[in-house]
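Remarks on the overall topology
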Amino acid sequence: MSKDLGLSVAAGLASALVFLSVLTGGGMGVLLAYLMPLPLVMIGFSRGLWQALLAAAVALVAVAVVAPSGALAFAATTLLPTGILVPVVLRRRQAADGRTEWHPVGSLLAWLALVAVVVVVAGTSLTAAQGTGFEDQARAYVTQVLDQVAPQAPPDMRSGAIALWSALFPAMLGCGWLLMVVLNGLLAQWIVAKAGQASRPTPAYAEMELPLWSLAILAVAVLVGVTIGGNVGYLARNAAVILIVPQTLAGLTVVHRTLRGRPNRGVLLALFYVVFFVMFGWSLVAVAGLGLVRHWTRLRRRQVESSQEEK
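A brief look at the structure comes next. Worth saying up front: this structure is predicted, and the values here are computed from it rather than measured.

If you tally the helices and strands in the chain, you get twelve helices and two strands. Listing the helices and strands of the chain from first to last along the sequence gives α-α-α-α-α-β-β-α-α-α-α-α-α-α. When each of the 311 residues of the chain is scored for burial, the buried share is 38%. Within the chain, contacts between residues at least 6 apart in sequence are counted, and of these 72% link residues at least 24 apart. Per element, the accessible surface of the chain, about 17,100 Å² overall, is 70% carbon and sulfur.

Before going further, it helps to spend a moment on the side chain of Ser-46. Positionally, Ser-46 belongs in helix α3 (residues 38-47). Classification of Ser-46 by relative accessible area gives buried; the value is 17%. There is a polar contact of 2.8 Å between the side chain of Ser-46 and the backbone oxygen of Met-42. Sequence-distant contacts of Ser-46, defined by excluding residues within four places in its chain, comprise Val-192, Gln-197 and Ser-199.

Right, let's get into helix α8 (residues 155-194). For α8, built from 40 residues, the straight-helix expectation of 58 Å at 1.5 Å per residue is missed by more than 12%, its first-to-last C-alpha distance being only 51 Å. Looking at the residues trailing α8, positive phi occurs at Gly-196, about 75 degrees.

The full count for this structure, using the stated rule, is two salt bridges. Taking the shortest distance from any N to any O, the salt bridge between Glu-101 and Arg-93 comes out at 2.8 Å. A salt bridge links Arg-99 to Glu-101, with the shortest nitrogen-to-oxygen separation between them at 3.8 Å. Overall, the relative accessible area of 46% leaves Arg-99 in the partly exposed class. Ionic contacts of the salt-bridge type, sharing partners, join the residues Arg-93, Arg-99 and Glu-101 into one network.

Turning our attention to the environment of Thr-248. Mapped onto the secondary structure, Thr-248 falls in helix α10 (residues 230-259). Between the C-alpha atom of Thr-248 and that of Leu-292, which follows or precedes it by 44 residues, the distance is 8.1 Å. When neighbours within four sequence positions are excluded, Thr-248 is seen to be in contact with Leu-284, Val-287 and Ala-288.

The subject of this paragraph is a nonpolar patch on the surface. Together, Val-274, Val-275, Val-278, Met-279 and Trp-282 make up an exposed nonpolar region whose accessible area comes to about 580 Å². Tracing the sequence through the fold places Val-275 in helix α11 (residues 265-278). Residue Val-275 is classed as partly exposed on the basis of its relative accessible area of 45%.

A few words on the packing of aromatic side chains. Counted according to the given criterion, the structure contains two aromatic pairs. When the centroid spacing of 5.0 Å and the interplanar angle of 55 degrees are considered together, the rings of Trp-111 and Trp-213 count as tilted. Within this pair, whereas Trp-111 is found in helix α6 (residues 105-127), its partner Trp-213 is found in helix α9 (residues 212-227), the two being separated by 102 residues in sequence. Since its relative accessible area comes to 44%, Trp-111 is described here as partly exposed.

The topology assignment puts Val-41 in helix α3. Distance from Val-41 to Ala-56, taken between C-alpha atoms, is 9.5 Å for residues 15 residues apart in sequence. With residues near it in sequence (within four places) discarded, Val-41 still touches Thr-82, Leu-85, Val-86, Asn-184 and Ala-188.

Close contact between α9 and α10 brings their axes to 8 Å; oriented N to C, the two are set at 150 degrees. One finds that α9 runs roughly antiparallel with respect to α10. When you trace α9 past α10, the crossing you get is left-handed. Together, Ser-214, Leu-215, Ile-217, Leu-218, Ala-221, Val-222, Val-224 and Gly-225 of α9 and Val-232, Gly-233, Ala-236, Arg-237, Ala-240, Leu-243, Ile-244 and Gln-247 of α10 make up the contact between the two elements. Partitioned by chemical class, the residues of the contact of α9 with α10 number eleven nonpolar, four polar and one charged.

Here α9 spans 23 Å end to end across 16 residues, near enough to the 22 Å set by a 1.5 Å rise per residue. What α9 keeps buried is the set Ser-214, Leu-215, Leu-218, Ala-221 and Gly-225. Buried positions in α9, seen along its axis, are confined to an arc of 125 degrees and lie on one side of it. Away from the buried face of α9 by more than 90 degrees, exposed residues Val-220, Leu-223 and Thr-227 are located.

Tracing the chain through its elements places Leu-17 in helix α1 (residues 2-23). Taking relative accessible area as the criterion, Leu-17 reaches 59% and is therefore assigned exposed. Taking the C-alpha atoms as reference points, Leu-17 and Val-63, separated by 46 residues in sequence, lie 8.2 Å from one another.

Parameters and conventions
- Starting from 1, residues in each chain are numbered consecutively following that chain's sequence as written.
- Given that this is a predicted model, residues contribute local features only at a pLDDT of at least 70 and side-chain atom pairs are listed and counted only at 80 or more, while totals for whole chains, interfaces and linings are drawn from all residues.
- Think of the side-chain values as coming from all heavy atoms in the structure, minus any hydrogens and water.
- A run of H or I in DSSP becomes a helix once it reaches four residues, and a run of E becomes a strand once it reaches two; helices and strands are each numbered from the N terminus.
- Three exposure classes are used, based on accessible area relative to the maximum for each residue type with a 1.4 Å probe and protein chains only: buried under 20%, partly exposed in between, and exposed over 50%.
- Note on contacts: a residue pair qualifies if any of its non-hydrogen atoms lie within 4.5 Å across the two residues.
- Areas reported as accessible are Shrake-Rupley estimates using a 1.4 Å probe. Residue values count occlusion only from the protein chains shown.
- N or O atoms within 3.5 Å of each other form a polar contact, as long as, within protein, one can give a hydrogen and the other can take it, and as long as residues adjacent in sequence are counted only when both atoms are side-chain atoms.
- Multiplying one less than the number of residues by 1.5 Å gives the expected span of a helix.
- For salt bridges, the criterion is a side-chain nitrogen of Lys or Arg within 4 Å of an Asp or Glu carboxyl oxygen.
- A patch consists of residues whose relative accessible area exceeds 30% and which take part in no salt bridge; residues with like charges are grouped when within 9 Å of each other, and nonpolar side chains (Val, Leu, Ile, Met, Phe, Trp, Tyr) when within 5 Å.
- Two aromatic rings, drawn from Phe, Tyr or Trp (for Trp, its six-membered ring), form a pair once their centres lie within 6.5 Å of each other, and the interplanar angle then sorts them: stacked below 30 degrees, edge-to-face above 60, tilted otherwise.
- Axes, fitted as lines to C-alpha atoms, cover a helix only where it is in contact. Angles between the N-to-C directions of the axes lie from 0 to 180 degrees.
- These descriptions rest on fixed angle ranges, namely under 35 degrees for roughly parallel, over 145 for roughly antiparallel, 65 to 115 for roughly perpendicular, and the rest for oblique.
- For a crossing to be left-handed, the near helix must be turned anticlockwise from the far one by less than a right angle; the clockwise case is right-handed.
- Residue polarity follows a fixed list, in which Ala, Val, Leu, Ile, Met, Phe, Trp, Tyr, Cys and Pro are nonpolar, Asp, Glu, Lys and Arg are charged, and the others, Gly among them, are polar.
- In this description, one arc is meant: the one made by directions from the helix axis to the C-beta atoms.

Below, the structure written as structure tokens:
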């Protein structure tokens, strides 16, 4: 018990230290900004939810004492991912044949994307100035940032960047948050599994299947974003971008599964990811489309199976 307590306190202090380093502009803190929840998630994956909550409380107290103004940001970027990941990842049930069934990875990813949408919509709505459109407010903020970091940028490049970033500003924040949560979950599970301390077996990520309801929610967001203007349409378009991330990750699993068993698999994967990042815009659309096609074929297959059973 004392060992678990010490580990939880150490994890909480480590997470708070990384966050405070980011606030003070430390170079190492900036590099590790995406890994702020990692110590807390590792404790949760290895020692359980209560120890993770203890570590989170220690971290929050440390941040609140040193930098009170950063406590809310710390809660959103570090405590919220931990509070979502740990209980869901550790959720399990006993099957009829006695096997232990763990919460599916695809379902977890879909729920995380939905939480990211809720966080972004709530944050955008709460911080919006009275009488100002959400996109106009984002444009003003992006313009201010560009004036500070790139005052000498060519006018055409500057106007293009402002138009793109202001249109997708909430989505960029939401996708960044979602990818941070996924990265910390993957790393935490890998580390604790290597140490022999994992509470659950490492999932077969290549076999991930998204729940069918995630495709329906994505379709609704796209429909609202295309047909409705104003703040509602703006938020719906940004929500659709966030909801496409799970489909993109599902598309990547298709690539990995297709190359499985090939003698030159490592080389082919390396080439794929080089092309993926070099041609990021188009490749992202292609891989997301691959995930959507797989999702749709699963839906059609289930419909066919259901109709055959009814006959």
